[in-house]
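# Per-entry structural report
The lines below spell out each chain.
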Amino acid sequence: MFVLHIALQGCLRGEDVAYGLTADTGGHIRYLLDLVEACAQDTEIARIVIATRLFGSAFGDAYAVPEEPVSSKVTIVRLASASPGYLPKEALHAEVESLSDALVAWILAQPTRPDVIHAHYADAAVVAANVEDRLGIPFVFTAHSLGRVKARALGCPATDTPALDHRIAAEETGLARAALVIASSRDEAEVQYATYAAYDAGRIRVLPPGSDLARFQSARTCARVDATLDRFLREPGKPALLALARPVARKNLAALVTAYGESPELQARANLVLVAGTRDNLDDLDGGMAETMRELLVLIDRYDLYGRVAYPKTHRPEDVPAIYAYARTRGGIFVNPALNEPFGLTLLEASAAGLPLVATDSGGPNDIVETCGNGLLVDPRAPSEIARACLRILDEPGLRERFVAGGARAAAAYDWDRHAARYHALLRALSVAEPPLSNPRQLLICDIDNTLVGCEAGLKAFSQWRSEQEGLAFGVATGRSFHSAMAILEQQASPRPQVMITSVGSEIYHLDPNGVSYTADRTWRDVVSRGWDRARVHAALAEVAGLVPQGPLEQRTHKLSYFGDVATARQVQARLDTDGLAATIIHSHGRYLDVLPPAASKGTAVDRVRALYGLAEADVFVAGDSGNDVEMLRARRQAIIVANFSDDLASHAALGHSYVARATHARGVIEGVAHFRKSPAHAI
């Protein structure tokens, strides 16, 4: 397979990238270089090319070299555009047409064409769309960060900023045209992209970036680095609040300085260390970085923080592990106060190095902290909240230990090899489409957690069994969101479902003809919207004692999710009855409580799919393990309960017709289907 990446902004080269040299030379370049390095290890990948912009500048001669070999499989190709010099991303939209022409000419000159194109950032997506129009090569799109999110974070309408207006239009093109959109987090996939007109949840996949964390796990202090930071500080042995980011407005370093400056208690307990890019002469900094640095210096002066804040002018990329180790050995904390952080690679690095986190609650950190349990999330616009979170970690040794232990899990959770395996599976599927069954003869719908997945050997056996079932359409029904469900299925190498019933039956997605992306069932959305007053239900339940909301990402348009026991579930039902509000209440595993529209459940969703396929009742099998499967199991004659069930499912009064398998997980599903296929109804 030949994969062509397009990455136009910043100063991109194969090694010794000068991160922070310009406002656009940041994490997306690190992401791309790490990605292609991992991808090159796959024996089925024959060639990888990164197409970027050729320019002359004072930044060095490397960026005017037309072709740079990186490894035996990887090459950087630089294409000339209408303007010969370096351009910030805000000006790149004017180069799109000339870059499109140059890239098409380059592709036509190659012995073989790329199988797929991967566009990074907005203008690259427009170039990729132009290439697809001319040569028919499909593309995938990674936005890295979004213009609408930036506009909201900065508090300015995009229409007031022409550069942002161009960027958002390009992002709309990318979302509308890409065969698949790669997101780094559920927040990006389910919240940030949802603000765009071209948003289509079924064409987005959440693939968290990996990270080569080994050098951070083994991070050691360096006397030279220590001296560089200590020279600023009167008491260099105190805990260090460390921030490492480019000095751009979005990174919101000023809020951290303000939090520190307005908290005498925090100043007494810790030093502040700001590693903010690389600079020689402040006035020579690119874009808004000079203005941001001046703002930081003004704040340091205003709060008279001299001797308590370190702000070195420069650092080498190889110094970064030692910088983390500096903070760790002093009992410090890593702080990311960005207005929005699309992913948060530095959070993983800092965690691997043994630092607890205080991070923005906007973007990727939501996923990282939920996955690893390695820190606290804060509102980045609230300096007092940042200060309180830092003090809490400093004051509670047990909490700090727990966060450090959670950070040790980061390497396993965010691994480039796992990322590359899923990524390549998607690219190969796009190259060789396997469309869904058009006229299935039977339908099997499984719950995911503890039914389909939970036993690796069982899932492997199921995959083999599934490949042998002609005419059987396979789908899943889960409490997870679409993106959460797809992530777990692809991570576990499950067969790709033809239908996805998600969010406890309130959403349905159907596999597209390309065999990879999905389309939401809008008719079903209209059905479940009837009689559903989400705002009134939410307001009524806010007054129920003991009812604790689950995280923001678990709340959906047609689902409200809480933690609560059986007694709390009864209180919820009573409250809704008192207020005359119709809803379906699903309680499972003794603690999860979902409130849905009256028409929504896994059972009604399965019936919708059965009707779409024109199947008889005897042609449908369903399988589950817990309380949130009850509605699906009770409504189907051929219901399977796997042996590892919970919530006393096997003795449930409404499920006496179910087959309780002797085998657990996916093997129990196979056993149950075989049982019902032997029944008289199937014999007839």
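My aim in this report is to walk through the structure given alongside it, one point at a time. (Residues numbered from 1 in each chain as written. Predicted model: local features only at pLDDT ≥ 70, side-chain atom pairs only at ≥ 80, totals over all residues. Heavy atoms only, no water.)

## Quick look at the overall build of the protein
Per the secondary structure count, the protein includes 27 helices and 26 strands. Against the compact-globule benchmark of 26 Å for 684 residues, the protein has a radius of gyration of 27 Å, which places it among compact chains. Seen through its C-alpha atoms, the protein measures out along the principal axes to roughly 85 × 65 × 45 Å. A buried classification covers 59% of the 684 residues belonging to the protein. Long-range pairs, those at least 24 residues apart, make up 68% of the contacts in the protein with a sequence separation of at least 6. Accessible area for the protein stands at about 26200 Å²; split by element, carbon and sulfur atoms hold 51% of it. Considering the protein, the positive charge centre built from 69 side chains and the negative charge centre built from 81 side chains are found 2 Å apart. (Helix = DSSP H or I, 4+ residues; strand = E, 2+ residues; numbered from the N terminus. Rg over C-alpha atoms; globule rule 2.2 N^0.38 Å. Buried < 20%, exposed > 50% of the residue type's maximum accessible area, 1.4 Å probe, protein only. Contact = heavy atoms within 4.5 Å. Areas by Shrake-Rupley, 256 points an atom, 1.4 Å probe, with all protein chains shown as cover. Lys, Arg positive; Asp, Glu negative; His and termini not counted. Charge placed at Lys NZ, Arg CZ, Asp CG, Glu CD.)

## Topic: the sheet that holds strand β23 (residues 592-596)
Taken in spatial order, the four strands make up an open sheet running β20-β21-β23-β22, and their pairing is antiparallel. Edge strands, defined here as strands with exactly one partner in the open sheet, are β20 (548-549) and β22 (584-588). Pairing of strand β21 (residues 560-563) with β23 involves four bridges; the strand directions are antiparallel. Of the residues in β23, the one forming a bridge with Y562 is L593. Against the sheet, helix α22 (residues 534-541) makes contact with β21 and β23, and its axis sits at roughly 15 degrees relative to β21, the strand it touches most. Here helix α23 (residues 566-578) sits on the sheet and contacts β22 and β23; the angle it forms with β22, its principal contact strand, is near 175 degrees. (Pairing = 2+ DSSP bridges. Axes fitted to C-alpha atoms, helices over the stretch in contact; angles between N-to-C directions.)

## Let's talk about unusual backbone geometry
Here N252, not a glycine, exhibits a phi torsion of approximately 60 degrees, which is positive. Take N252: it is sitting in the loop between β9 (240-244) and α9 (253-261). With phi around 60 degrees, D647 is a residue other than glycine that occupies positive phi space. In this structure, D647 sits in the loop between β25 (639-641) and β26 (659-660). For D647, a relative accessible area of 30% gives the class partly exposed.

## Brief notes about the nonpolar core
The biggest cluster of nonpolar side chains holds 76 residues, and the ones touching the most others in it are L241, L242, Y324 and F334. With sequence-adjacent residues up to four places away left out, Y324 is seen in contact with F216, L242, L244, F334, T346, E349, A350, A353 and L355. Membership of the second largest hydrophobic core comes to 45 residues, among which are A51, V96, I117 and A124. (Core = buried A, V, L, I, M, F, W, Y, C linked by side-chain atoms within 4.5 Å.)

By themselves these figures say nothing about function.
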